[in-house]
Amino acid sequence: MKVLEDRILKDGVIKPGGILKVDNFLNHQIDPSLIHDMAMELKRLFGEKGVNKILTVEASGIALAIMTAYVFNSPMVFAKKSKSKNISDDVYSVKIPSFTHGNTNTVIVSKEYLHEGDRILIVDDFLATGAALVGLRALAQQAGAEVVGAGIAIEKLFQGGGDKLRAEGMHIESLAKISSMSDDGKICFA
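In this text, all values refer to a predicted model and were calculated from it rather than measured experimentally.

**A short note on the overall build of the chain**
In step 1: In terms of helices and strands, the chain carries 5 helices and 10 strands.
In step 2: For 190 residues, the compact-globule estimate of 2.2 N^0.38 gives 16 Å, and the C-alpha radius of gyration of the chain, at 16 Å, lies within 12% of that figure.
In step 3: For the chain, the proportion of contacts with a sequence separation of at least 24, taken over those separated by at least 6, is 61%.
In step 4: Carbon and sulfur atoms provide 50% of the accessible area of the chain, an area that totals close to 9200 Å².
In step 5: The average position of the 22 basic charges and that of the 23 acidic charges among the side chains of the chain differ by 3 Å.

Given below as structure tokens:
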């Protein structure tokens, strides 16, 4: 998606360790017009899949996921990284390692919100190692739901997660695919 690639080149900042900072338009401060365009593209790519629920993990994927849910006219569910007092113990849970944060989170979704027969589109801001997608797919499987695909804003191809999951049969569409990044600020798109 050219408009997203252009925005990454204009406003993205490469940090040491393979981190791309896009928090001034995608996952801290949000550009709603860009997010809407991205959601419309995901609707074009997955519109025939019978999606009835959008699933993401808190927090940085929520903006794109909620706009995608809006254009699909379906609910959006996000996996929480901590259990609050208002959530029962009746939850699906999985451990997800975070590349960006360098830790592992136990994420949960109340069994009220994922069901057998749901056709789930996973939406997230980044795909690097694929750990978040694996975890979210596991949550859906615990519920007996079907993951019909994953819509990703930015995929870092050089980290291999997408290749591994595609080889397992997951339908993944990434709106910007980065083949390489260098510490001097150079970004190459696939």
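More follows now that the structure is in view.
**Regarding the pattern of salt bridges**
In step 1: A complete count under the given rule lists 11 salt bridges for this structure.
In step 2: Measuring nitrogen to oxygen at the nearest pair gives 3.0 Å for the salt bridge that ties Arg-137 to Glu-168. Of this pair, Arg-137 sits in helix 4 (residues 131-143) while Glu-168 is found in the loop between helix 5 (161-167) and strand 9 (172-181), placing the two residues 31 residues apart along the sequence.
In step 3: Note that Arg-166 and Glu-155 form a salt bridge whose closest N and O atoms lie 2.8 Å from each other. You can see Arg-166 sitting in helix 5 and its partner Glu-155 sitting in strand 8 (residues 146-156), a full 11 residues away along the chain.
In step 4: The partly exposed category is assigned to Arg-166, whose relative accessible area is 26%.

**A few points about helix 1 (residues 2-11)**
In step 1: Inspection of helix 1 places Leu-4, Glu-5, Ile-8 and Asp-11 among the buried residues, and these make up the whole buried set. Taken down its axis, helix 1 places every buried residue within 155° of arc, on the same side. Opposite the packed face of helix 1, turned more than 90 degrees from it, sit the exposed residues Lys-2 and Lys-10.
In step 2: Against strand 1 (13-15), strand 2 (19-21), helix 2 (32-46), strand 8, strand 9 and strand 10 (187-189) lie the buried residues of helix 1.

**Here's the deal with the nonpolar core**
In step 1: Counting 33 residues, the largest nonpolar core has Leu-4, Ile-8, Leu-20, Leu-26, Met-38, Ile-54 and Ile-154 as the members making the most contacts within it.
In step 2: Secondary structure elements with two or more residues in this core: helix 1, helix 2, helix 3 (62-72), strand 7 (119-127), strand 8 and strand 9.
In step 3: Apart from residues no more than four positions distant in its own chain, Leu-26 is found in contact with Ile-35, Met-38, Ser-60, Ala-63, Asp-125, Ala-153 and Ile-154.
In step 4: Residues Ile-96, Val-109, Ala-131 and Ile-172 belong to the second largest nonpolar core, which totals 25 residues.

**Describing the packing of aromatic side chains**
In step 1: Applying the stated criterion across every chain, the model contains 0 aromatic pairs.
In step 2: Its end group placed over the ring of Phe-72, Lys-43 keeps NZ or CZ at 4.6 Å from the ring centre.

**Considering unusual backbone geometry**
In step 1: A cis amide bond links Glu-58 to the next residue, Ala-59, at an omega of 5°.
In step 2: If you trace the backbone, Ala-59 turns up in the loop between strand 3 (53-57) and helix 3.
In step 3: A positive phi angle, near 55°, is found at Asn-73, a position not held by glycine.
In step 4: Relative to the assigned elements, Asn-73 resides in the loop between helix 3 and strand 4 (76-79).

**Describing the pairing of strand 3**
In step 1: Most of strand 3 sits out of view: 5 of its 5 residues are buried.
In step 2: The two faces of strand 3 match: Lys-53, Leu-55 and Val-57 on one face and Ile-54 and Thr-56 on the other face are all buried.
In step 3: Sheet analysis places strand 3 next to strand 7, joined by 3 bridges and oriented parallel. Following the sheet pairing, Ile-54 is matched in strand 7 by Leu-121.
In step 4: Both strand 3 and strand 4 contribute to a ladder of 4 bridges, which runs parallel. When the bridges of strand 4 are listed, Val-57 appears paired with Ala-79.
In step 5: Viewed along the sheet, the connection from strand 3 through helix 3 into strand 4 turns out right-handed.

About the cut-offs
- Residues numbered from 1 in each chain as written.
- Predicted model: local features only at pLDDT ≥ 70, side-chain atom pairs only at ≥ 80, totals over all residues.
- Heavy atoms only, no water.
- Helix = DSSP H or I, 4+ residues; strand = E, 2+ residues; numbered from the N terminus.
- Rg over C-alpha atoms; globule rule 2.2 N^0.38 Å.
- Contact = heavy atoms within 4.5 Å.
- Areas by Shrake-Rupley, 256 points an atom, 1.4 Å probe, with all protein chains shown as cover.
- Lys, Arg positive; Asp, Glu negative; His and termini not counted.
- Charge placed at Lys NZ, Arg CZ, Asp CG, Glu CD.
- Salt bridge = Lys/Arg side-chain N within 4 Å of Asp/Glu carboxyl O.
- Buried < 20%, exposed > 50% of the residue type's maximum accessible area, 1.4 Å probe, protein only.
- Arc of directions from axis to C-beta.
- Core = buried A, V, L, I, M, F, W, Y, C linked by side-chain atoms within 4.5 Å.
- Phe/Tyr/Trp six-rings, centres within 6.5 Å; stacked < 30°, edge-to-face > 60°.
- Lys NZ or Arg CZ within 6 Å of the ring centre and 35° of its normal.
- Pairing = 2+ DSSP bridges.
- Right-handed = clockwise from strand over helix to strand, strands pointing away.

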